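Remarks on the overall topology
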Amino acid sequence: MLVFEIKNDELIESVNRQAARAGVTDAAIVSLIGAADRFTLSTMPKGDALKDDITSYELPAEMTGTGEIRNGFAHIHTVMGVEGDQAMCGHLHEAHIGTHFARVYVVPCP
């Protein structure tokens, strides 16, 4: 298992760079933990599973998630906990890590 730590960076871009440095092109992301200063998620509208509703949030959030790295690119689904004990979830497009950190636990696939 590999652990990618992200500080003062965008999470998806950092995971892609760290995977490339480690020679990982395909892997399971078995856990993600940390906190973001702002983030962007997408979900599918109920009438069309082929479309994405993308929303950016200028909110700090605790986060957890899982996903995969395929052909060198991270694909992460996450739950973001925001003020008022609310959860926002979906496909993670970006998460800006600054105030705190994020750690991504990766198991490479042969």
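Notes on the structure in this doc start here. (Residues numbered from 1 in each chain as written. Predicted model: local features only at pLDDT ≥ 70, side-chain atom pairs only at ≥ 80, totals over all residues. Heavy atoms only, no water.)

A word on the overall build of the protein chain. Across its full length, the protein chain carries one helix and nine strands. Listing the helices and strands of the protein chain from first to last along the sequence gives β-β-α-β-β-β-β-β-β-β. Expected size for 110 residues packed as a compact globule is a radius of gyration near 13 Å; at 14 Å, the protein chain falls within 12% of this value. Sequence separation of 24 or more characterises 66% of the internal contacts of the protein chain that already satisfy a separation of 6 or more. Summed over its atoms, the accessible surface of the protein chain is roughly 6,500 Å², and 53% of this surface lies on carbon and sulfur atoms. Of the charged side chains in the protein chain, 8 are positive and 15 negative, and the gap between their average positions amounts to 4 Å. (Helix = DSSP H or I, 4+ residues; strand = E, 2+ residues; numbered from the N terminus. Rg over C-alpha atoms; globule rule 2.2 N^0.38 Å. Contact = heavy atoms within 4.5 Å. Areas by Shrake-Rupley, 256 points an atom, 1.4 Å probe, with all protein chains shown as cover. Lys, Arg positive; Asp, Glu negative; His and termini not counted. Charge placed at Lys NZ, Arg CZ, Asp CG, Glu CD.)

Turning our eyes to something else, we now look at the pattern of salt bridges. Inspection of the entire model under this criterion finds three salt bridges. With a shortest N-O distance of 3.7 Å, glutamate 5 and lysine 7 are connected by a salt bridge. With a closest N to O distance of 3.5 Å, arginine 103 and glutamate 5 form a salt bridge. One end of the pair, arginine 103, is in strand β9 (residues 102-108); the other, glutamate 5, is in strand β1 (residues 2-6), with 98 residues separating them in the sequence. On the accessibility criterion, arginine 103 (26% relative accessible area) is partly exposed. For glutamate 5, a relative accessible area of 36% translates into the label partly exposed. (Salt bridge = Lys/Arg side-chain N within 4 Å of Asp/Glu carboxyl O. Buried < 20%, exposed > 50% of the residue type's maximum accessible area, 1.4 Å probe, protein only.)

Everything listed here is a matter of coordinates, which is why it stays silent on function.
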